[in-house]
Amino acid sequence: MNRSALLIGLGCSLTVATAASARVHADNSGLAIDRVLSPAVQPLNVTSPAAEPGQPIPALYTSLGKNVSPPVAWDSPPPGVASYVVIMEDADARGEAPLVHWIAYNIPATVDHLTKNVHNRAVPKGSTGMMQGVNYAGGIGYVGPKVRPGDPPHHYHIEVFALDRTLNLGPGASLDNVITAMNQRVLAEGEVVGAFSVEPVNTASN
């Protein structure tokens, strides 16, 4: 699997990465793209105009701003795609498993991108079938990056999966349920990876 991340100072940037195959973890410690059982996966080209290479993502998409979900797009899907899934995870969160920041599933096959600021509803208005799952904070939809000041950069993986079916799940599903439903149904997958950090607070007085 070819992954890359570009660290940009105190902000976050996205760069394209693709996955040729998925690996299985015995527990839930891996990213979704590593946990899904997929016998013959093709690469899916995933991009985001939220940040250009070498430029930080605006605070709008993070906890420093309005926690607005970033735009994400994908192309080069193989024949037979019935739906897409988008998952965003923090790979460097404290604890054993990545933190889930966003789950969107049953995105129609005719859709090749999500615009910014998808409403945090289990079934977003006008989504024509798309549903959203539960994030790490217990809410529905997107919650942006949030790290402790001075922590090393956290890497956020926005993973996109092209499936040969729609998932037999209702709105508000957990990541584990989405991964189980996706097993053996992934035709193509890819991701973009961003990094986010915050400067330590200077408490020194003059």
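These numbers were taken from a predicted model, which means no experiment stands behind them.

1. Focus: the packing of aromatic side chains
- In total, this model carries two aromatic pairs according to the counting rule given.
- Seen in terms of ring centroids, Trp 74 and Tyr 84 are 5.1 Å apart; in terms of plane orientation they differ by 45 degrees. Their pairing is tilted. Here the residue Trp 74 occupies a position in strand E4 (residues 72-75), and Tyr 84 occupies one in strand E5 (residues 83-90), the gap between them amounting to 10 residues. An identical accessibility class is assigned to Trp 74 and Tyr 84; each is buried.
- Summarising the aromatic geometry, the rings of Trp 102 and Tyr 142 are spaced 5.5 Å apart at their centres and angled 80 degrees between planes, so their arrangement reads as edge-to-face. With Trp 102 in strand E6 (residues 99-108) and Tyr 142 in the loop between strand E8 (131-132) and strand E9 (154-163), this residue pair connects regions lying 40 residues apart in the sequence.
- Exposure remark for Tyr 142: the relative accessible area of 3% places this residue in the buried category.

2. Here we look at the sheet that holds strand E7 (residues 113-114)
- One open sheet accounts for three strands, arranged E3-E4-E7; its pairing is antiparallel. Sheet topology places strand E3 (45-47) and E7 at the edges, where each strand pairs with a single neighbour.

3. Notes on the environment of Asn 67
- As for its placement among the helices and strands, Asn 67 is situated in the loop between E3 and E4.
- Using a relative accessible area of 30% as the deciding quantity, one classes Asn 67 as partly exposed.
- A C-alpha to C-alpha distance of 4.8 Å links Asn 67 and Gly 144, two positions 77 residues apart in sequence.
- The contacts of Asn 67, once residues within four sequence positions are left out, are Leu 60, Thr 62, Tyr 142, Val 143 and Gly 144.
- One polar contact links the side chain of Asn 67 to the main-chain amide nitrogen of Gly 144, over a distance of 2.9 Å.

4. Examining the pairing of E5
- Burial runs high along E5: eight of the eight residues are buried.
- Of the two faces of E5, the one lined by Ser 83, Val 85, Ile 87 and Glu 89 and the one lined by Tyr 84, Val 86, Met 88 and Asp 90 are each fully buried.
- Where E5 lies against E6, seven bridges are found, and the strand directions are antiparallel. Residue pairing for E6: Ser 83 is matched across the bridge by Pro 108.
- Where E5 lies against E9, eight bridges are found, and the strand directions are antiparallel. Considered in E9, the bridge of Ser 83 is made with Leu 163.

5. Regarding the side chain of Ser 83
- Residue placement: Ser 83 occurs in strand E5.
- One polar contact links the side chain of Ser 83 to the main-chain carbonyl oxygen of Arg 165, over a distance of 2.6 Å.

6. Points about the pattern of salt bridges
- In this structure the tally under the stated criterion is three salt bridges.
- One salt bridge connects Asp 151 with Arg 94, and the closest N-O pair in it is separated by 3.2 Å. You can see Asp 151 sitting in the loop between E8 and E9 and its partner Arg 94 sitting in the loop between E5 and E6, a full 57 residues away along the chain.
- Across the pair Asp 164 and Arg 185 runs a salt bridge, and its minimum N-O distance is 3.5 Å. One end of the pair, Asp 164, is in the loop between E9 and helix H2 (175-182); the other, Arg 185, is in the loop between H2 and strand E10 (186-196), and 21 residues separate them in sequence.
- Overall, Asp 164 belongs to the partly exposed group, its relative accessible area being 31%.
- Assessed through its relative accessible area of 33%, Arg 185 is described here as partly exposed.

7. Some details on the nonpolar core
- In terms of nonpolar packing, the biggest core is built from 26 residues, with Trp 74, Tyr 84, Val 86, Trp 102, Ile 107, Leu 114 and Val 160 touching the most fellow members.
- At the level of elements, E4, E5, E6, E9 and E10 are the ones that each hand at least two residues to this core.
- Sorting elements by how many residues they give to this core places E9 first, with four residues.
- Residues contacting Leu 114, with those up to four places away along its chain left out, are Pro 70, Pro 71, Val 72, Trp 74, Val 86, Trp 102, Ala 104, Ile 107 and Met 130.
- Formed by 21 residues, the second largest nonpolar core is a distinct cluster that contains Tyr 105, Leu 167, Ile 179 and Ala 181.

So, how was this worked out
- Residues numbered from 1 in each chain as written.
- Predicted model: local features only at pLDDT ≥ 70, side-chain atom pairs only at ≥ 80, totals over all residues.
- Heavy atoms only, no water.
- Phe/Tyr/Trp six-rings, centres within 6.5 Å; stacked < 30°, edge-to-face > 60°.
- Helix = DSSP H or I, 4+ residues; strand = E, 2+ residues; numbered from the N terminus.
- Buried < 20%, exposed > 50% of the residue type's maximum accessible area, 1.4 Å probe, protein only.
- Pairing = 2+ DSSP bridges.
- Contact = heavy atoms within 4.5 Å.
- Polar contact = N/O pair within 3.5 Å; in protein donor to acceptor, adjacent residues only side chain to side chain.
- Salt bridge = Lys/Arg side-chain N within 4 Å of Asp/Glu carboxyl O.
- Core = buried A, V, L, I, M, F, W, Y, C linked by side-chain atoms within 4.5 Å.

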